[in-house]
Amino acid sequence: MSNKKENQGIVDRVWSFFSSITLAVVVFSVISLTSIVGTIIEQGADPERNIKLLSKFFGDASPTVFRILDSLGFTNMFHSWWFIALLFVFAANLIICSLDRLPRIWNIVKEPIKPLSIDLLNTMPIKREMVLKGKIDNAKGVIESALNRIGFKANVHLQDNGLQIYAERGRYSRLGVYVTHFSIILILIGAVAGIFFGFNASLNLLEGTTSAVAYMRNGKEIPLGFEIGCNDFEVSFYENSDTPKSYKSWLTILENGRPVKINGKEVTEIDVNSPLRYKGITFYQSSYGFSPTKDSLFKFSVTSNDGKKQDVQLKFGESFNIPGTNIMGKVADFSPALGIDEAGRMFTYAEMMNNPAVLVEFTENGKPKYNQWILKRYPQTWRVPDGMVEFKDLWGAQYTGLQVRKDPGVWIVYLGSLVMAVGLYAAFFMSHRRIWVTLKDEKGSTKVTIAASVNKNKAAFEQKIEKLLGGLHG
Amino acid sequence: MDSSQFFGISSIAYILAMVAYIAYLVFRNSTLGIIATTITSVGFISQTIAFFIRGKEFYDIGQMGIMRAIPLTNLYESLIFFVWCLILSYLIIEWKYKNRSFGAFITPIAGMALAFIDISGMDKNIHPLIPALQSNWLLAHVTLSFIAYATFAISFATSIMYLAVTTGNKKSGAYIFWTVTLGIFISILVTMGIDFLTFKVVARTSEAFIKSYLFKATFRSASGLIVLFSYAASAVFVYLVWRYGYVLKKLIESFSISPDLLDDLTYKNIAIGFPIFTLGGLIFGAIWADQAWGKYWSWDPKETWSLITWFVYAFYLHARFLRGWRGHKIAIVAVIGFVSTLFTYLGVNLLLSGLHSYGGG
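The model shown is predicted, which means the values in this text are computed figures rather than measured ones.

The rules we used
Residues numbered from 1 in each chain as written. Chains lettered and ligands numbered in written order. Predicted model: local features only at pLDDT ≥ 70, side-chain atom pairs only at ≥ 80, totals over all residues. Heavy atoms only, no water. Helix = DSSP H or I, 4+ residues; strand = E, 2+ residues; numbered from the N terminus. Contact = heavy atoms within 4.5 Å. Areas by Shrake-Rupley, 256 points an atom, 1.4 Å probe, with all protein chains shown as cover. Salt bridge = Lys/Arg side-chain N within 4 Å of Asp/Glu carboxyl O. Buried < 20%, exposed > 50% of the residue type's maximum accessible area, 1.4 Å probe, protein only. Pairing = 2+ DSSP bridges. Axes fitted to C-alpha atoms, helices over the stretch in contact; angles between N-to-C directions. Phe/Tyr/Trp six-rings, centres within 6.5 Å; stacked < 30°, edge-to-face > 60°. Lys NZ or Arg CZ within 6 Å of the ring centre and 35° of its normal.

Draft legend 1. Representation of the overall build of chain A within the structure. Across its full length, chain A carries 11 helices and 24 strands. Its C-alpha atoms give chain A principal-axis dimensions of about 120 × 65 × 55 Å. Across chain A, every contact between residues at least 6 apart in sequence was considered, and the portion connecting residues at least 24 apart equals 58%. Of the roughly 25,700 Å² that chain A leaves accessible, carbon and sulfur atoms contribute 56%.

In structure tokens form, the structure reads like this:
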């Protein structure tokens, strides 16, 4: 035995190392255990946060423990070289284990079912016997059609004083496990392709601005090859609540400074679950923010009491006119999220535009007339004594946070997922069922001997055979 | 009638069914067995109706179409759905195996989960969908995940029972393993119950509650004495389970449930749950994440824990088929698998942070 080992070449030894189940167990366990640590230590977070977390377990030693974990890569573990290496060992193990076992299974799969001798049939796990009235030919017809009913296509083999009917189903389902393993490899290949040939970046675009680049996490600029502009961004809320209903951006793609039509439209609306794709790059709605400038525009639709309507846009401190009157309105104050406390005082309750409101000072011929808070989300606040002032938007004050991704490997991942679904179905919900029925003439009647085998879920197949036999009696 | 009344009927039915199943086992009277099955079925039908009504209510509020009207968006709804899957699986097992004995073990879990919802004063209101959840993948991803969780829960119950029946020696590793696991499991459930009863009024939502008050009445109490007492009480309880574990063995034996049946049930549930979990939990989840966030896999804690759970069950299957593991060893793997499942479902939302935080609140 030891001699044999020494004679093994290096290739054999590497092969047997990677094809061992022990390695699989070790890799499974190491990936799982380190992943647990990776979910407890917050990944890519501020050191302070993790030190605070660790202090619950290690007390004063936590900064030291943190330094050790940090130097081992646990603070960005899933991208550390050793974790990636573990995934590669997992892949190698999976491939070689599968290749190691595949030939044996393949031998079974490529061989269609054959008639077998009595000796071999006696070793089958499922056996039944019965006697049918009538001659063999009659019984043959009955059994063939019974097998047909449960989806087996019968073959017939003539032998001494009788014949053997044999049939099988789901021979290829034996490959299910290997199809599943292959799909995991496909998914990993897709992931690697994405890492090498794609990028994951982000981009914040203020309403009314454009950009030709996106930014990696480390700040590196990625040229897009075209420009993308944000026309507008809007959060809408469910009625009377601050629960967001949708985050929408209206985006335009520009090539050489000119808008490009996508699906016939120059402006594309994107939402959290519906991104924009252009030239292999996908833009996802991922976040937003509020950073008003002095150039931000207040947009109103102003209607006078006699129905004259006008859309206006103006900067902070500027004035507009109610059409057909001498009344002027000036934006004197703004709150992105106006709330009223129990004492009736107004205050700003959020930093985002959850409930935008403007205070408009109205004057007639330069003389102050009245002031009113106008809230975007509440139409009842739009009515003023001399008309309607609809506060439509504060534009150029919000930015949309886009996730920008190019991933040429994602289709391989999707294909892998599809293959996995097929493989799992074959592996868990199908089985290779074989049945041999020997018919022998016995004093004018026919003796029926059934032998069957199945590679899993024997009880279900036995039940099916019982049912089949029951049908024969009747 | 609205959905909560139908949910109420099903809660009561499951608790009555529990009593009936236990009575059936004690008196061995087949009429009692039929009554137990009938009550469970009534509860199940009522819960199904409730589920549809709540879906309708959701549909009316959300106005986003049928695919976006699946009442599976918070802890309350997911617990309800979990119970529904559990009872459905149980009824299938009862029908397939013609054995009512498990009813006495499964219906208490269902009854307890529903009672837990009521006692905790969990937020039962319908909340409209936040943008990230507005996807047709919600239905496929969440329902399949929960079906898988339910099968794993059953495999947990059967593997604990398997270990209980097949171990007797108090010093053997397998015996210690199952008694300690069960002891800790029950201790945690009880302490969480104590938390709820103590702090019920303080927190507005159950999710916020769990995040800030978990174990605050016991293990994490401000008073050192209570902390000490809690640990001591749990230790004593675990000891008692270890000391008197054979009672469970006697009980299961008296129900004439064979270890082989338990082992078979454990395997079958995992064999059904694993592919469903892989497809619905991992693959559909990845596709959804890809469409919503542009990343099909980002190693966020929920994803990572799903993967860990997946590894444990993959290990179970490989150990069973390639190594021929049977008996205690394989049952222990099944138990670990469910502990990991439980952490994926609840622990991640309650204890860790990540993209899936809306799952908890």
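So, next bit.
Draft legend 2. Representation of the pattern of salt bridges in the model. Residues and elements named next belong to chain A. Applying the stated rule across the entire model yields 23 salt bridges over all chains. For Asp 295, the salt bridge identified is with Lys 315, shortest N-O distance 3.4 Å. Note that Asp 295 is positioned in the loop between β11 (281-290) and β12 (297-304) and Lys 315 in the loop between β13 (309-314) and β14 (319-321), a separation of 20 residues in sequence. Of the residues examined, Lys 315 reaches a relative accessible area of 31% and is grouped as partly exposed. A salt bridge links Lys 308 to Asp 306, with the nearest nitrogen and oxygen atoms 4.0 Å apart. By relative accessible area, which is 44% here, Lys 308 ends up partly exposed.

Draft legend 3. Molecular detail of the sheet that holds strand β24 (residues 445-454) of chain A. Residues and elements named next belong to chain A. Spatial strand order, β1-β24-β23-β3-β2: 5 strands in an open sheet with antiparallel pairing. Here the strands that pair on one side only, and so sit at the sheet edges, are β1 (126-132) and β2 (155-159). Going from strand to strand, the sheet's axes swing by 20 degrees on average, the running direction of each strand aside. Direction of pairing for β1 relative to β24: antiparallel, over a ladder of 7 bridges. Bridge assignment links Glu 129 to a residue of β24, and that residue is Thr 449.

Draft legend 4. Representation of the packing of aromatic side chains within the structure. Considering all chains together, one arrives at 50 aromatic pairs over all chains under this definition. One Lys or Arg, Arg 243 of chain B, reaches over the ring of Tyr 244 of chain B and ends 5.2 Å from the middle of that ring.

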